Structure formats: structure tokens, C-alpha cells
Amino acid sequence: MARTYLIAGNWKMHTTPPEARTLATAIAEKHNSLKPPSSVQTLICPPYISIHAALEAVAGSGVHVGAQDCHFEPKGAFTGEIAPNMVKASGCSHVILGHSERRQYFGETNGLLNKKVRAALSEGLIPIYCVGETLTERQEEWTLAVVRTQLVDGLKDISLQNASNLVIAYEPVWAIGTGLAATAEQAQEVHAAIRGFLTEILGAVGAEMLILYGGSLKPDNADEILSKPDVNGGLIGGAALQADSFAAIIAAACKIAVS
Ligand code: PEP
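Keep in mind the model is a prediction, meaning the values are calculated, not measured. (Residues numbered from 1 in each chain as written. Predicted model: local features only at pLDDT ≥ 70, side-chain atom pairs only at ≥ 80, totals over all residues. Heavy atoms only, no water.)

Trainee: What exactly am I supposed to notice about the packing of helix α7 (residues 143-154) against helix α9 (residues 184-202) here?
Mentor: Relative placement of two packed helices is described by the angle separating their axes and the distance separating the axes. Taken N-terminus to C-terminus, the directions of α7 and α9 make an angle of 35 degrees; their axes are 10 Å apart at the nearest point. α7 and α9 meet at a crossing whose hand is right-handed. Where α7 approaches α9, its residues T143, L144, V147, R148, L151 and V152 are matched on the opposing element by V190, A193, I194, F197, L198, E200 and I201. Here the contact of α7 with α9 is built from residues that sort into ten nonpolar, one polar and two charged. (Axes fitted to C-alpha atoms, helices over the stretch in contact; angles between N-to-C directions. Helix = DSSP H or I, 4+ residues; strand = E, 2+ residues; numbered from the N terminus. Left-handed = near helix turned anticlockwise from the far one by under 90°. Contact = heavy atoms within 4.5 Å. Nonpolar A, V, L, I, M, F, W, Y, C, P; charged D, E, K, R; others polar.)

Shown next as C-alpha cells:
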């Protein structure tokens, strides 16, 4: 059976609408020339303001567009925030939630993220819920305990009916934007543990969930990391901002998916 992959680009606070149009157009062209099997999906997550331009640029290509965050309320006096139904109505299929930069710089907690995950799921969005340990936590050998708590608290009371839409991203904080990726073995060890925790929390639905790796994933380590049995794709920052490097990671996934 073909392996399923999701290759997702997190553009963070990069690209004005015209820049997003240019990058998304280049990605769509490369994506089309790779002719990915249906088991390999591509997603780009521009800043909110550039979502529309990106959607227009990828129209008809099969490349999906997502947001990088959303609020948990459907509307109200929350200046500067965007509601899940707005993300959905703008044409997005996915939303990244709990990225370590949101946790670190904006004080997002597992409790808050649980509200966001539940709200996104009930709007029919596919949340990419991010978990991962800091360097100190890894050095203290707390990685699995930290990730388990992020999952248990962040996924509390989600409806099993909606849960099959959920995607998890394991992103060790020390590997994000540092050029120092986890080794394929380190990634596999945590991904296998995450699959166990998801099964414990959500039963059979949890066992089948896509678990992406994120943290300095690049064309030169994509093959090795994506080949690991519990790795179902990548959440990519820096390498997603160049069409060539992002396409090389999609190509690695395509190769493994059809092998
Ligand atoms: C990220 O921001 O989610 C990420 C993984 O960044 P990078 O690929 O640059 O490490």
C-alpha cells in the first residue's frame, strides 16, 4: 500500500501578497511537473494577508493552502484575531496550531490550544497540532513526558468523529531554524512514541494519524527522515521559502510513496 505524506510549508512572517503569488506560482509549477501520486499532498501556509494571492496562484494545481494560526471563538471583540470559520471561508483547508513560536513568544498554552484545536475541527479545518521539546527538556530526558502532556492536554475532549482530520507535527524546538535537524533515528523514536500516545488518547483513529516531522528538514536529509516508518511528512520553515528546495522535499516523499 502506498504511504501517505503531507509536505507542508510554514512561511511564517514572510511574503507580501505579490511575493506570495510569485512563490506559490513557482511551487505549483514544480508540484505539477513532479506529478505527485494522490498519496502525497502539498500544503503552503502563508501569512493571513497573503492567503488570497497564494490561493489564486495555486488554483487547479492540487496544492493546498492553510493558515498559521486561528482564534477559538467564531467572532467577537478580539482585535487582530482571525476566527476558524474565516480561515475556512477564505479557502484554506488546514491551520497550524501550537507552533513553538506561538507557545514561546505569544504564551500559548496546551489549554488554549485545546480550545483552538476543537474549534478548528468543528469548522471542518484540518489542524496541524505542533508538539516538541526544548533543548533543556531533551537534555534532562523529558522529551517523551513533555510531548505526552502536550498531546493529552491539547487533544482533551476532541470528538472522535472529527479526530481523523487531525495532523500532528513533531517539532523539536532546538531543531527549528537552527540547521540542526533531529537525526532520522531521533525523529522515529519520538514519532513512534507519539503514535502510541495518540492510540492511548484516541484509540484506532489515533494510530492512523499523520505525524509530520519539523525542524531543519531540507532536501539533503528529507530522504532519510521521511523514510522512517512513523514519519508521514514534514512541516518545513526555511526550505519552504524557496520553490526548488521545497520541491526537492516533495520529490523525496513521492519517491518513497511509490517505492
Ligand atoms: C518550522 O518553522 O516549523 C520549521 C520547522 O522551521 P525550519 O524548517 O526552518 O527549521
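After that view of the structure, there is still more to cover.
Trainee: Just to check I follow, could you spell out the packing of aromatic side chains for this structure?
Mentor: Any two aromatic rings considered together are summarised by their centre-to-centre distance and by the angle between their planes. Counted under the stated rule, the structure contains one aromatic pair. A cation over an aromatic ring shows up here: R102 above the ring of F106, its NZ or CZ 4.0 Å from the ring centre. (Phe/Tyr/Trp six-rings, centres within 6.5 Å; stacked < 30°, edge-to-face > 60°. Lys NZ or Arg CZ within 6 Å of the ring centre and 35° of its normal.)

Trainee: Which parts of the structure should I look at to understand the sheet that holds strand β8 (residues 233-236)?
Mentor: For sheets, the rule is that strands pair by backbone hydrogen bonds, running either parallel or antiparallel. Around the barrel, eight strands lie side by side as β1-β2-β3-β4-β5-β6-β7-β8; this closed barrel has parallel pairing. On average, each strand axis in the sheet is tilted by 25 degrees relative to the strand beside it, whichever way the strands run. In this structure, strand β2 (residues 40-45) lies alongside strand β3 (residues 64-67), joined through two bridges in parallel fashion. In the strand pairing of β3, L43 is matched with H64. Where α9 meets the sheet, it contacts β5 (126-131), β6 (167-170) and β7 (210-214), and its direction lies at approximately 145 degrees from that of β7. (Pairing = 2+ DSSP bridges.)

Trainee: Looking at this structure, I do not really get the pattern of salt bridges. What am I missing?
Mentor: Oppositely charged side chains may form a pair once their charged atoms are brought near each other. Under the defined criterion, the tally for this structure stands at twelve salt bridges. One salt bridge connects D223 with K255, and the closest N-O pair in it is separated by 3.3 Å. In this pair, D223 is assigned in helix α11 (residues 219-226) and K255 in helix α12 (residues 243-258), connecting sequence segments 32 residues apart. Overlapping salt bridges bring together D69, R102, E108 and K116 as one network. (Salt bridge = Lys/Arg side-chain N within 4 Å of Asp/Glu carboxyl O.)

Trainee: Whenever I open this one, the pairing of β8 confuses me. Can you help?
Mentor: A two-sided burial pattern is seen for β8, the buried positions comprising G233 and L235 on one face and G234 and I236 on the other. In this structure, strand β1 (residues 5-10) lies alongside β8, joined through four bridges in parallel fashion. Looking across to β8, one finds that L6 is bridged to G233. Here β7 runs beside β8; their pairing, made up of two bridges, is parallel. Directly across from Y213, in β8, lies its bridge partner G234. (Buried < 20%, exposed > 50% of the residue type's maximum accessible area, 1.4 Å probe, protein only.)

Trainee: Would you mind showing me how to read the site of the ligand here?
Mentor: Around the ligand, the structure places 14 residues, and the nearest of them are K12, E171, G177, S216 and G238. Between the ligand and K12 there is a distance of 2.6 Å, counted from an oxygen atom to a side-chain nitrogen or oxygen. Note that an oxygen atom of the ligand is positioned 2.7 Å from one of the side-chain N or O atoms of E171. Considered on its own, the ligand offers 290 Å² of accessible surface; in the complex 97% of this is hidden by protein. (Near = heavy atom within 4 Å. Polar contact = N/O pair within 3.5 Å; in protein donor to acceptor, adjacent residues only side chain to side chain. Areas by Shrake-Rupley, 256 points an atom, 1.4 Å probe, with all protein chains shown as cover.)

Trainee: Is there a simple way to explain the pairing of β7 in this structure?
Mentor: Along any regular strand the residues' side chains alternate between the sheet's two faces. Burial analysis of β7 places five of its five residues in the buried class, which makes it a mostly covered element. Since β7 and β8 lie parallel, the crossover through α11 that links them has a hand, and here it is right-handed. (Right-handed = clockwise from strand over helix to strand, strands pointing away.)

Trainee: Got a minute to help me understand the side chain of N110 in this structure?
Mentor: Topologically, N110 is positioned in helix α5 (residues 110-122). The class for N110 is buried, based on a relative accessible area of 16%. Within the structure, N110 has its side chain in polar contact with the side chain of R103 (distance 2.6 Å).

Trainee: Would you take a moment to explain the packing of α5 against α7 for this structure?
Mentor: Direction vectors running N to C along α5 and α7 enclose 50 degrees, while the axes themselves pass 8 Å from each other. In terms of orientation, α5 and α7 fall into the oblique class. Like other packed secondary-structure pairs, α5 and α7 cross with a definite hand, here right-handed. Here N110, L113, N114 and V117 of α5 come into contact with α7, specifically with T149, Q150, D153 and G154. When grouped by side-chain class, the residues that make up the contact of α5 with α7 number two nonpolar, five polar and one charged. (Parallel < 35°, antiparallel > 145°, perpendicular 65-115°, else oblique.)

Trainee: Looking at this structure, how should I read the side chain of S50?
Mentor: Looking at where S50 falls in the secondary structure, it is placed in the loop between β2 and α2 (51-58). At 2.9 Å, the side chain of S50 forms a polar contact with the backbone oxygen of T15. Leave out the neighbours within four places in its chain, and S50 touches T15, T16, P17 and A20.

Such coordinate-based values are descriptive only and should not be taken to indicate function.
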